[in-house]
Amino acid sequence: MNIKTQNKKSKYQVYKPPLRGIVMDGRNKGCFPSMNYHLTPVSSNAKTGPIPVTTSSKATCWKGCPFYGNVCYASTGPLALHWRKVSEGGRGGSFAELLEKIKAFPKGQLWRHNQAGDLPGEGSRIDAKMLSELVEANRGRKGFTYSHKPLTTANATLIAYANRNGFTVNVSANTLLDADKVALRHPDLPICVVVPEGTPRRTTTPAGREVRLCPAERKGSGINCANCKLCSKATRSYIIGFTVHGTSKKNYAAAVAQ
Ligand code: SF4
């Protein structure tokens, strides 16, 4: 792939998207009119802890995601209300504005991209230019996020690029078996997996890969993303698991049974 271009003004590697397989057709010039991005400078969410978190319009989500709608944790509660307002344009702003805010973070700042929403780009595709800009805005900071977009060759290439350049993108698997399939095809990508309630804190996939459940799920642990940081480690050797809770349980079982 063509990821070798050096920016003359910067010592950092700058991504030049491959010409084949990735849509860079100028339809959106790097920003969809219907797309909106919001930054919460200090999250009040107990699980993330007091770090900056962003929210992207729902149009960034792939509708083929088996959790789209009724399993996704962001589809219920206060986060769902916030997400709707961002998606409808009532909160947040443009992608360019988001980039400026990220660039203003102090060096070393841990931040979580997308408490709701997915990587930039409509639906299944990742917008190479926008992701590249996000990676550059994050230089020197510790941004991390998750993606449930399909791991096409183009998407996987872009996600690997982000991970190599300091912006950690965890790819999401739907089950432990699915996590094995993802790991086989993409051994260099950090993986997260959704697991049913009752899964032990330390477990393995059917093929024996280590899985550790998110420690913030343990009530009273005092652990949150701000002091845990596991999801920001792109080269970790284990998979992180998230337990599906509450009303989503039934929907999860139905979604993964298909
Ligand atoms: S594993 Fe750590 S960093 Fe990842 S979501 Fe849980 S608390 Fe946050």
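Remember, it's a predicted structure, so these values are computed and weren't measured experimentally.

Within the protein, the regular secondary structure consists of seven helices and nine strands. By residue count, 39% of the 258 residues in the protein fall in the buried class. The long-range share in the protein, meaning contacts at least 24 apart out of those at least 6 apart in sequence, stands at 73%.

Among the nonpolar cores identified, the biggest contains 50 residues, and Leu131, Leu158, Ala162, Ala179, Ile191, Val193 and Ile239 are the most heavily contacted of them. Discounting residues that sit within four places of it in the chain, Ile191 has contacts with Asn170, Val171, Ala173, Ala179, Val182, Ala183 and Ile239.

In this section: the site of the ligand. Neighbouring the ligand are Cys214, Pro215, Ala216, Ile223, Asn224, Cys225, Cys228, Lys229, Leu230, Cys231 and Ile240. Along the lines of polarity and charge, the residues of the shell around the ligand split into nine nonpolar, one polar and one charged.

Let us now look at unusual backbone geometry. In this model, Asn114 sits at a positive phi of 70°, which is unusual for a non-glycine residue. When you line up the elements, Asn114 lands in strand β3 (residues 110-116). You can call Asn114 buried: it has 21 C-beta atoms within 10 Å. In this structure, Lys229 takes a positive phi of about 65° despite not being glycine. Tracing the backbone through its elements, the reader meets Lys229 in the loop between α6 (225-228) and β9 (239-243).

Residue alternation in strand β2 (residues 53-56) divides its side chains into two sets, Val53 and Thr55 and Thr54 and Ser56, and both sets are buried. Where strand β1 (residues 37-40) meets β2, four bridges bridge the pair, whose relative direction is antiparallel. Of the residues in β2, the one forming a bridge with Tyr37 is Ser56. Strand direction decides the pairing type here: β2 and β3, joined by two bridges, are parallel. Bridge assignment links Val53 to a residue of β3, and that residue is Arg112.

On to the sheet that holds strand β7 (residues 202-204). Pairing within the open sheet is mixed, and its nine strands lie in the order β1-β2-β3-β4-β5-β6-β9-β8-β7. Both outer strands of the open sheet, β1 and β7, are each paired with one neighbouring strand and no more. Between one strand and the next, the sheet's axes are offset by a mean angle of 30°, whatever the strand orientation. For strand β4 (residues 142-147) and strand β5 (residues 168-173), the ladder comprises four bridges, and the chain directions are parallel. Residue pairing across strands places Thr145 opposite Val169, the latter belonging to β5. The sheet strands contacting helix α5 (residues 176-185) are β5, β6 (191-195), β8 (210-213) and β9, and the helix crosses β6 at an angle near 165°.

This part covers α5. Taken together, the buried positions of α5 are Leu176, Ala179, Asp180 and Val182. The buried residues of α5 occupy one face: seen down the axis, they fall within an arc of 165°. Facing away from the buried side of α5 by over 90 degrees, the exposed positions are Leu184 and Arg185. Packing partners of the buried residues in α5 comprise β5, β6, β8 and β9.

This next bit is on the environment of Gly108. Locating Gly108 in the fold gives a position in the loop between α2 (95-103) and β3. When the C-alpha positions of Gly108 and Arg139 are compared, they lie 9.0 Å apart, and in sequence the two are 31 residues distant. Residues in contact with Gly108, not counting those within four places in the same chain, are Arg141 and Lys142.

Averaged over the protein, the pLDDT score is 86; the fraction of residues at 70 or greater is 83%. For residues 1-33, every residue scores under 50 in pLDDT, and the model assigns this stretch 38 contacts once sequence neighbours within four places are set aside.

Let us look at the packing of α2 against helix α3 (residues 128-137). Direction vectors running N to C along α2 and α3 enclose 20°, while the axes themselves pass 9 Å from each other. The pairing of α2 with α3 is recorded here as roughly parallel in orientation. Relative to α3, the crossing made by α2 is right-handed. Contact residues: Phe95, Leu99, Ile102 and Lys103 in α2; Met130, Glu133, Leu134 and Ala137 in α3. Split into classes, the residues belonging to the contact of α2 with α3 amount to six nonpolar, no polar and two charged.

Conventions we followed
- Residues numbered from 1 in each chain as written.
- Predicted model: local features only at pLDDT ≥ 70, side-chain atom pairs only at ≥ 80, totals over all residues.
- Helix = DSSP H or I, 4+ residues; strand = E, 2+ residues; numbered from the N terminus.
- Buried ≥ 20, exposed ≤ 12 C-beta atoms within 10 Å, placed from the backbone.
- Contact = placed C-beta atoms within 7 Å.
- Core = buried A, V, L, I, M, F, W, Y, C linked by C-beta atoms within 7 Å.
- Near = placed C-beta within 6 Å.
- Nonpolar A, V, L, I, M, F, W, Y, C, P; charged D, E, K, R; others polar.
- Pairing = 2+ DSSP bridges.
- Axes fitted to C-alpha atoms, helices over the stretch in contact; angles between N-to-C directions.
- Arc of directions from axis to C-beta.
- pLDDT = per-residue confidence, 0-100.
- Parallel < 35°, antiparallel > 145°, perpendicular 65-115°, else oblique.
- Left-handed = near helix turned anticlockwise from the far one by under 90°.

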